[in-house]
Structures are given as C-alpha cells and as structure tokens.
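As a plain string of letters, each chain reads:
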Amino acid sequence: MAARDGLSVSPPRPLDVNYDEAAVPAYTLPDALSCSDGKRAATTKLWFERRRPELLAAFAREMYGEAPREGWTLQTDRARTLHVPLEGALRCEWHFEVRTSEGRLPGTLLVWAPAGATEPVPVFVGLNFFGNQSVHPDATIEPARGWVPNNPEYGLSDHRASDASRGCHAHRWPVADIVRRGYALATCYAGDFDPDFDDGFRNGAHALFPEHRATAGDGAWGAIGAWAWGMSRLLDVLEADDRVDLRRVIAIGHSRFGKTALWAAAQDARFAMAISNCSGRGGAALSRRAFGERVRHLNERFPHWFCGNFRRYGDREAKLPFDQHALLALMAPRPVYVASASEDLWADPQGEFLACQAAGAVYEALGDRGADSIGYHVRPGVHDITAFDWAHYLDFADAHLWTSHRQSRRLLR
Ligand code: GCU
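Residues numbered from 1 in each chain as written. Predicted model: local features only at pLDDT ≥ 70, side-chain atom pairs only at ≥ 80, totals over all residues. Heavy atoms only, no water.

**Some remarks on the packing of aromatic side chains**
Then comes step 1: This model, assessed by the stated rule, comprises 27 aromatic pairs.
Then comes step 2: The interplanar angle of 80° and the centroid separation of 6.0 Å between the aromatic rings of Y19 and F291 together place this pair among those described as edge-to-face. Here F291 lies in the loop between β7 (271-277) and α7 (295-301) and Y19 lies in the segment before α1 (44-64), a separation of 272 residues in the sequence.
Then comes step 3: We classify Y19 as partly exposed; its relative accessible area is 38%.
Then comes step 4: The buried category is assigned to F291, whose relative accessible area is 6%.
Then comes step 5: With a centroid separation of 5.2 Å and an interplanar angle of 80°, the aromatic rings of Y337 and Y393 are classed as edge-to-face. A residue pair is termed long-range when its members are at least 10 positions apart, and Y337 in strand β8 (residues 336-341) and Y393 in helix α10 (residues 387-412) qualify at 56 residues.
Then comes step 6: When its relative accessible area of 5% is taken as the criterion, Y337 is described as buried. (Phe/Tyr/Trp six-rings, centres within 6.5 Å; stacked < 30°, edge-to-face > 60°. Helix = DSSP H or I, 4+ residues; strand = E, 2+ residues; numbered from the N terminus. Buried < 20%, exposed > 50% of the residue type's maximum accessible area, 1.4 Å probe, protein only.)

Structural data, given as structure tokens:
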C-alpha cells in the first residue's frame, strides 16, 4: 500500500526511530496527583472531586478531543440469535443505529455468551479492525456493511468486506476459551463508528455532529475519540442483552483499539475494568520516552486519530500537562491491565511498564487494593493479541471483577 493514500491499515514506519534504551534521554513525569494549583490530591475525596475531572478534561482538550455529550438517540434491534454448539455459546447480532438531526449511523454488535449460564455473566467489549466477519470463521456472521481498509494480505479490496477476510483475525478472539471461562464476548467493527482514514472528519460519527466540531475546534474529537464514544454506545446496546452483567463490563483493545479502550474506560465509569494490549504510544506507553514510535510519528501518520491540539506536542512531549500514567490512573481504583510483546519495540514495552509503575501512586492513594489493581505482562513475540494474553486477562478478571466493581462504581458515579 502506498504510504500517502491514507487507506491502508498503517503507512510504512519512519526510519528515524530510536531503539536503543541507553539513548533514551532523561525526562520528568508530571505528578498525576498534583492539581493545577499545586495542591496534592492525596485523598480519595480530592482525587474524585478535583484532580480526576481536571485530568480528564486535559486529556480531552490536548490529546483525544472532546466528544459530544448529547444530541443523539440510539435504536437497538436484536437481529438473530443462534446456538453455536462448538463454542458452547449463544451467539447474537444486535443491529443498532445512532441518530441525530444530521443523519444515521448503523452498526452491528456481535455477542457470544455461555449457552448454559444461569445468571448474567461479565462481558469483554472490544472493537475489531476489519469487520465482524473477520473475528471468526463462522460463515453466518454478517460482514461489515461499510468501508473497510484495503489489506492485500486478507484479500480485501474496494474497501468492502470480502469473504476472504472471514476469520482472518480469529486467533485474536478465542471465543471458546472466553465462553468456557464464564464470560461473554462482544465485538463491533470500529468502522461502524469511524472508518480509519483521514478524510477531514466528514465520515462516521463525526458527520453526525458538525456543530460540535465547529464549537470545539482544535479540541474536537478525532477517530480514537469517536471509537471510544462508540464503545460507550456498545454499552448502551448491551442494556438490551439480559445475558450480560452490566456491572462487570471489561473494555479491551489491541493496538489502536487498546488506546481506544483506555480512553473509553477513563471516561465511562460503566466499564469496570480496562485492558490495553500492545497499545503503545498514544495508549499505555509514556509519551516522554524517546523510544520507538513518537508523538510526532502518530500525528504525521495518523493525523485523524487525535485532536488538533495534540499536533503541538510532536517533539515537544515535555510540554504535555500529563503523561500516559495519568490515563491509566483515571481508571483507579478499577482494575487495569497492560500487556506488551517483547519484539514490539515500536510500541515501547518498557514505556508501557513504567506507566503502570507510575500510575501506582494514584492507586495507592485511593486505598482499596492499591497498585495490586494494576496488571502487566510482557510476552515473548510480536505485536499481536494471542491466547496467552487472553489467558492472563481472564485470570486477572477472575481475581478482580468479582469484588471491586461495587466500590468503583460508587466512587465514580
Ligand atoms: C501503527 C501505529 C501504532 C498503532 C498500530 C496499530 O503501528 O503506529 O500507534 O498502535 O498501528 O493500531 O496496529
């Protein structure tokens, strides 16, 4: 794919990249607990009343952009429920449509839940790259209706989902393992909310809110903002699904959708837990670390992901009023899990680990389980999400979700 056509999943990587740990210059992280007036939010009350809202607003204004807060309705219809004996699951597709005075945005949420469950179960919610048909070989799963990125590897062409992509990402979604452990899995094509290319914000959810962009200007939402907003809409859709327990919803995402999962769960307290898989720069990795992808690269290669204000920070990361440990801390005291892959140096595994470590100060200040609510692993191998990663996420969810959600929801309401 040509670098400048803006239509492939990722343009080629730049050559001016540092992969030498010894060459990473020193940097200082902003204290996540310090309010803008210098006061330290060392108590739960101060954190939730002052510092947390301040940080959330800063991430929206400077990085991911502000999403509209109102002005839409959501229509949900159950399309089909099928019993899938092989997976021990009941599979259901929910058609939904977001409507504003400017137009309609249709989408499909695909949900597997354990067939034998006698009560609502916790659910993983995550966006996929190429359409619901790509996450499982099942020939009856409806293909993505809208624009999908070209990717010759999967035989996609003309920006329409083709059968060649059916199941091409199945290894990333081990449905049978998840269902066997007593969890549901819900996924939706990210392009249902915003196709992943730079079109000046004329498509997807952006097109439904033109006045919002006019008012918010350089602080208006980019694609990650629209995907994160979409994750919250998926929670709204799930309200109709009595197989899942809405108090135990886990936001999960790989790579750009790991960035998205973190931002979605930071904003929406209905997510009881967040998982970032290889989210890298712009996600869990500290922006100030000059290692692998940099803020400048993000802005150059994916100008549509973040808000206009974020462009100011290319090569000026030290000017950011926060770093990504504070994004993780916005989850506190809800559990958050970050995973890296040892060969995924572009995503800066060490920067992801250091962000988790630095977020610990906020978790400790809030008591509860302290920094034990932050999970991390680095797996041998490349940029991907594997059954090994999922096994750890399921263990972490088992250990944390059954006790922590009540307190978190009380604090964040
Ligand atoms: C590119 C991009 C990363 C992103 C990744 C992905 O590599 O530079 O920031 O995480 O694509 O989403 O797969």
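**Description of the site of the ligand**
Then comes step 1: The environment of the ligand is made up of 13 residues, and the closest members are S255, R256, K259, E293 and W346.
Then comes step 2: With respect to the ligand, the side chain of S10 contributes an N or O atom lying 3.2 Å from an oxygen atom.
Then comes step 3: Within the contact set of the ligand, an oxygen atom lies 3.0 Å away from a side-chain nitrogen or oxygen of R301.
Then comes step 4: Relative to its unbound accessible surface of 320 Å², the ligand loses 92% to contact with the protein.
Then comes step 5: Counting residues per element, the ones that place at least two in the shell around the ligand are α6 (256-267) and α7.
Then comes step 6: A breakdown of the residues in the shell around the ligand according to their chemical character gives 5 nonpolar, 4 polar and 4 charged. (Near = heavy atom within 4 Å. Polar contact = N/O pair within 3.5 Å; in protein donor to acceptor, adjacent residues only side chain to side chain. Areas by Shrake-Rupley, 256 points an atom, 1.4 Å probe, with all protein chains shown as cover. Nonpolar A, V, L, I, M, F, W, Y, C, P; charged D, E, K, R; others polar.)

**Side note on the nonpolar core**
Then comes step 1: Within the largest apolar cluster, 96 residues are counted, with the highest numbers of intra-cluster contacts made by F59, L109, L127, F193, W227, W263 and L328.
Then comes step 2: The leading source of residues in this core is helix α5 (residues 223-238), at 11 residues.
Then comes step 3: In this view, L127 contacts W173, T187, C188, A190, F193, W227, M231, L234, I252, F257 and T260; residues no more than four positions away in its chain are not counted.
Then comes step 4: Core analysis: the next-biggest nonpolar cluster, separate from the first, contains 27 residues, F124, I178, A272 and Y393 among them. (Core = buried A, V, L, I, M, F, W, Y, C linked by side-chain atoms within 4.5 Å. Contact = heavy atoms within 4.5 Å.)

**Quick notes on the side chain of R51**
Then comes step 1: Among the secondary structure elements, R51 is positioned in helix α1.
Then comes step 2: Residue R51 is classed as buried on the basis of its relative accessible area of 7%.
Then comes step 3: In this structure the side chain of R51 is engaged in a polar contact, spanning 2.8 Å, whose partner is the side chain of E54.
Then comes step 4: The residues touching R51, leaving out its near neighbours within four places in the chain, are D31, A32, L33, S34, C35, S36, A41 and L46.

**What to know about the packing of α1 against α6**
Then comes step 1: It is at 11 Å that the axes of α1 and α6 come closest, and there the two elements cross at 140°. Our classification of the angle between α1 and α6 gives oblique. In terms of crossing hand, the pair formed by α1 and α6 is left-handed. Across the interface between the two elements, R52, L56, F59, A60 and Y64 from α1 touch W263, A266 and Q267 from α6.
Then comes step 2: Taken together, the residues of the contact of α1 with α6 sort by class into 6 nonpolar, 1 polar and 1 charged. (Axes fitted to C-alpha atoms, helices over the stretch in contact; angles between N-to-C directions. Parallel < 35°, antiparallel > 145°, perpendicular 65-115°, else oblique. Left-handed = near helix turned anticlockwise from the far one by under 90°.)

**Some points on helix α9 (residues 349-365)**
Then comes step 1: Its 17 residues place the ends of α9 26 Å apart at the C-alpha level, agreeing with the 24 Å of an ideal helix rising 1.5 Å per residue.
Then comes step 2: The largest bend in α9 amounts to roughly 25° and is located at A359.
Then comes step 3: Among all positions in α9, only P349, G351, E352, L354, A355, C356, A359, G360, V362 and Y363 are buried.
Then comes step 4: Against the buried residues of α9 lie α1, α8 (324-329), β8 and β9 (374-379).
Then comes step 5: Backbone geometry just downstream of α9 places G367 in the positive-phi region, at approximately 70°. (Expected span 1.5 Å × (residues − 1). Bend = angle between axes of the 7 residues up to and from the residue.)

**Some remarks on unusual backbone geometry**
In most cases, non-glycine residues show a negative phi, while peptide bonds are predominantly trans.
Then comes step 1: A cis amide bond links A332 to the next residue, P333, at an omega of 0°.
Then comes step 2: Here P333 shows up in the loop between α8 and β8.
Then comes step 3: The residue F201 is not glycine, and still its phi comes out positive at about 60°.
Then comes step 4: Unlike most non-glycine residues, S255 shows phi in positive territory, near 60°.
Then comes step 5: Here S255 is to be found in the loop between β6 (244-254) and α6.
Then comes step 6: Judged by relative accessible area, S255 falls into the buried class, the value being 12%.

By themselves, these are just geometric observations and shouldn't be taken as functional.
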